[in-house]
Structure formats: structure tokens, C-alpha cells
Amino acid sequence: QVQLVESGGGLVQAGGSLRLSCAASGLIVSRETMGWFRRAPGKEREFIASIIWPAGTYYADSVKGRFTISRDNARNTVSLQMNILKPEDTAVYYCARKELGAVEFDSWGQGTQVTVST
């Protein structure tokens, strides 16, 4: 059974940094496409970043140059380093997995709240 558990959210001032972590079980992150999404109040869920098997990363234009996705194979975790945070980054952030060959991400965590104050 796949389980994804996010952590690391919180309240931060604009310009600050946060690091989100996603602990995975029931899968091996190094062999999967893992991604981060977010949903702001009143908005649709938005793709943020992904890291693919065997290598490669993709970012939404809105976070490119500020956010970095990475994985720790030994800990079986995926992280999202977020720098130069802006109030518009405020959202619930979700970790997700896309199984090899799948079209869409099919496993999701419960989310972690990130709030960026002015």
C-alpha cells in the first residue's frame, strides 16, 4: 500500500524559505516519478515540480529558479526546497506519485499548509 506523508509546512515571511519533505512507503522513490502540487484557496490544484525516473526535473514557471525538488534514496523521501517565498505561494502542498507508464499522478499525500505573510 502506497503512503505519502508530507511535513515541513508552516508560516514564513515573504522572502523566506521552507523545506517540505515527503516520506514514502510502499514504493521506492528512486524508481518513480514523484511530484509536488499545491492548491490555494479558491483555486484549482496546480503542478509545481516533478522528478522523474531515472533522472530529470520539471518546474512550473511560477516557481522556476526559486524551488528545487530532490530525493533522498537512502531515506526514501522527496523534498521541495522553497526559497524567496511570496504571499502567492500560500497553499496546501501535496506530494504525489505517478506510476511508471501511468498518465496521471495516482497516489497523494494528505497535504501540508504553507502560509507566506507580507
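Residues numbered from 1 in each chain as written. Predicted model: local features only at pLDDT ≥ 70, side-chain atom pairs only at ≥ 80, totals over all residues. Heavy atoms only, no water.

A.B. asks: Quick one: what's the story with the state of the cysteines, residue by residue and with numbers?
C.D. replies: Under the defined criterion, the tally for this structure stands at one disulfide. Linked covalently through their sulfurs, Cys 22 and Cys 95 form a disulfide whose S-S length is 2.1 Å. The chirality of the disulfide connecting Cys 22 with Cys 95 is left-handed, given an S-S dihedral of about -75°. One end of the pair, Cys 22, is in strand β3 (residues 18-25); the other, Cys 95, is in strand β9 (residues 91-98), and 73 residues separate them in sequence. Residues Cys 22 and Cys 95 agree in their burial class; the two are buried. (Disulfide = S-S within 2.5 Å. Helix = DSSP H or I, 4+ residues; strand = E, 2+ residues; numbered from the N terminus. Buried < 20%, exposed > 50% of the residue type's maximum accessible area, 1.4 Å probe, protein only.)

A.B. asks: Explain the sheet that holds β3 to me, using residue names and the numbers behind them.
C.D. replies: Neighbouring strands of a sheet are bound in pairs by backbone hydrogen bonds; such pairs are parallel or else antiparallel. With antiparallel pairing, the four strands of this open sheet are ordered in space as β1-β3-β8-β7. The open sheet has two edge strands, β1 (3-7) and β7 (67-72), and neither has a second partner. Direction aside, the axes of adjacent strands within the sheet are offset by 15° on average. Direction of pairing for β3 relative to strand β8 (residues 77-82): antiparallel, over a ladder of six bridges. Considered in β8, the bridge of Ala 23 is made with Thr 77. (Pairing = 2+ DSSP bridges. Axes fitted to C-alpha atoms, helices over the stretch in contact; angles between N-to-C directions.)

A.B. asks: Residues and numbers for the environment of Ser 107, please.
C.D. replies: Mapped onto the elements, Ser 107 comes out in strand β10 (residues 107-108). On the basis of relative accessibility, which here comes to 12%, the residue Ser 107 falls in the buried class. Sequence spacing of Ser 107 and Ala 96 is 11 residues, and the spatial spacing of their C-alpha atoms is 5.4 Å. With residues near it in sequence (within four places) discarded, Ser 107 still touches Val 2, Leu 4, Cys 95, Ala 96 and Arg 97. (Contact = heavy atoms within 4.5 Å.)

A.B. asks: Explain unusual backbone geometry to me, and be specific about the residues and the numbers.
C.D. replies: Trp 53 connects to Pro 54 through a cis peptide bond whose omega is -5°. Checked against the element boundaries, Pro 54 lands in the loop between β5 (46-51) and β6 (57-59). Of note, the phi angle at Asn 76 is positive, near 55°, even though the residue is not glycine. In this structure, Ile 84 takes a positive phi of about 50° despite not being glycine. On the secondary structure map, Ile 84 appears in the loop between β8 and β9.

A.B. asks: Which residues make up the nonpolar core, and what are the values?
C.D. replies: Counting 27 residues, the largest nonpolar core has Met 34, Trp 36, Phe 67, Val 78, Leu 80, Met 82 and Tyr 93 as the members making the most contacts within it. Broken down by secondary-structure element, the contributors of at least two residues to this core are β3, β4 (33-39), β5, β7, β8, β9 and β11 (112-117). It is β3 that contributes the most residues to this core, four residues altogether. Ignoring any residue separated from it by four or fewer positions in sequence, one finds Met 34 in contact with Leu 4, Leu 27, Val 29, Ala 49, Ser 50, Ile 51, Ile 69, Val 78, Cys 95, Ala 96, Arg 97 and Phe 105. (Core = buried A, V, L, I, M, F, W, Y, C linked by side-chain atoms within 4.5 Å.)

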